Amino acid sequence: MGFNIAVDGPAGAGKSTIAKLVAKKMNLIYVDTGAMYRAMALYFIKNDVDINNVEAVAKACIGADITLKYEEGVQMVYLNGENVTAFLRTEEVGNAASVTSGVPQVRARLLELQQTLAKNSDCIMDGRDIGTCILPNADVKIYLTASSEVRAKRRYDELVSKGEECDLAKIQEDIEERDFRDMNREVAPLKQAEDAVLVDSSYMSIDEVVERIVGIAESCK
Ligand code: DC
């Protein structure tokens, strides 16, 4: 078993930004499990699968083969042999991933891949159910959150900096809708593991959050 840090939390809490920086500082592999669910969602979109039809999603997911490769330390996601990394971070794909990740067959297809990665490498893995389901024995568990206002504003600033037009109120509404779905689904809902450390980043800088998590992780080594 590798040295494993599990980071869970709601959309937009900064999990991937923070996890990447912690990975660099501690020489760990960063495993972005949201990207795997996004790749699944992309597969459904590409193949015109009705994402609200649970049976259709359960049946179709068998055709999606997702693998990861690390190129200069950066995670690349392959869907049926094609590198789809560049197509995963849109709102459409994120929302579809939030819907389809509630289907047990979709989760089952990704569980083994995630557990094998953690077994074979020292890693920091982020998602929604890492500390609760995927790596219940992780060396360190963090629950990273922030208020929905702060998360929406961060997302808004990110989109504006890319020159995209967007509406702050709509972003916050989408985030709260996604939180509700992720926290209330039957299978592997987002929740803080009993032994996870809560980090609320609402009023912390990125550096402060990274320092906090590295400090916690170093004390567990
Ligand atoms: O972290 P993200 O926004 O890239 O995740 C996209 C969606 O995938 C999220 O709304 C819920 C789902 N997801 C999940 O159910 N379990 C995970 N371990 C990671 C993501």
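Let us look at the structure shown here. From a predicted model like this one, the values you see are computed outputs, not experimental measurements. The residue count restarts for each chain, going from 1 along the sequence in the order it is written. With pLDDT at 70 or above as the cut-off, local features in this predicted model cover only qualifying residues; side-chain atom pairs require 80 or more to be listed or tallied, and sums for whole chains, interfaces and linings still use all residues. The side-chain numbers reported here are obtained from all heavy atoms of the structure, hydrogens and water having been left aside.

1. A short note on the overall build of the protein
Part 1 of the argument: Helix and strand assignments come from DSSP, with helices taken as H or I runs of at least 4 residues and strands as E runs of at least 2, each series counted from the N terminus. Helix and strand counts for the protein come out as nine helices and eight strands.
Part 2 of the argument: The atom set for the radius of gyration is the C-alpha atoms, and the globule formula is 2.2 Å times the number of residues raised to the power 0.38. Computed over the C-alpha atoms, the radius of gyration of the protein is 17 Å, within 12% of the 17 Å expected from 2.2 N^0.38 for a compact globule of 221 residues.
Part 3 of the argument: Expressed as lengths along the three principal axes of its C-alpha atoms, the size of the protein is roughly 45 × 40 × 35 Å.
Part 4 of the argument: Look at the contacts in the protein between residues 6 or more apart in sequence, and 74% of them connect residues 24 or more apart.
Part 5 of the argument: Using a 1.4 Å probe, the Shrake-Rupley method yields the accessible areas, and only the shown protein chains count as cover for residues. Working note: accessible area of the protein is about 11200 Å², and carbon and sulfur atoms make up 51% of it. The criterion used for residue contact is that any of the two residues' heavy atoms lie within 4.5 Å.

2. Structural notes on helix H4 (residues 91-100)
Part 1 of the argument: Those residues of H4 lying buried are Val 93, Gly 94, Ala 96, Ala 97, Ser 98 and Thr 100.
Part 2 of the argument: In this structure, the buried residues of H4 make contact with helix H2 (33-46), helix H3 (54-60), helix H5 (104-120) and helix H8 (168-184). Working definition: with a 1.4 Å probe on protein chains only, accessible area under 20% of the residue-type maximum means buried, over 50% means exposed, and in between means partly exposed.

3. Observations concerning the packing of aromatic side chains
Part 1 of the argument: Pairs were defined over the aromatic rings of Phe, Tyr and Trp, the Trp ring being its six-membered one, requiring ring centres within 6.5 Å. Orientation was assigned from the angle between planes: stacked under 30 degrees, edge-to-face over 60, tilted for the rest. A full pass over the atoms with the stated rule returns one aromatic pair.
Part 2 of the argument: Taken together, a centroid distance of 6.1 Å and an interplanar angle of 70° make the contact between Tyr 43 and Phe 44 edge-to-face. As far as the burial class goes, Tyr 43 and Phe 44 line up, both buried.
Part 3 of the argument: In this scheme, the term charge over a ring applies when either NZ of a lysine or CZ of an arginine sits within 6 Å of the ring centre and within 35 degrees of the ring normal. The ring of Tyr 78 has Lys 69 sitting right over it, with the charged end atom 4.3 Å from the ring centre.
Part 4 of the argument: For Lys 221, the ring lying beneath its charged end belongs to Phe 3, and the centroid distance is 5.4 Å.

4. Some details on the site of the ligand
Part 1 of the argument: Within the structure, the ligand sits among 16 residues, and Thr 33, Arg 38, Arg 107, Arg 128 and Arg 185 are positioned closest to it.
Part 2 of the argument: Any pair of N or O atoms that falls within 3.5 Å is considered a polar contact. Within protein, one atom must be able to donate a hydrogen and the other to accept it, and sequence-neighbouring residues count only if both atoms are side-chain atoms. Arg 128 is positioned such that a nitrogen or oxygen atom in its side chain is 2.9 Å from an oxygen atom of the ligand.
Part 3 of the argument: Between Arg 178 and the ligand, the recorded distance is 3.5 Å, taken from a side-chain N or O atom to an oxygen atom.
Part 4 of the argument: For the ligand, the accessible surface in isolation is 440 Å², of which the surrounding protein chains cover 96%.
Part 5 of the argument: Listing elements by their share of the shell around the ligand, those giving two or more residues are H2, H4 and H8.
Part 6 of the argument: No other element matches H2, which puts four residues into the shell around the ligand.
Part 7 of the argument: By residue class, the composition of the shell around the ligand is three nonpolar, five polar and eight charged. Near is defined per residue: the residue qualifies when any heavy atom it owns lies within 4 Å of the molecule or strand. Residues were grouped as follows: Ala, Val, Leu, Ile, Met, Phe, Trp, Tyr, Cys and Pro as nonpolar; Asp, Glu, Lys and Arg as charged; and all remaining residues, including Gly, as polar.

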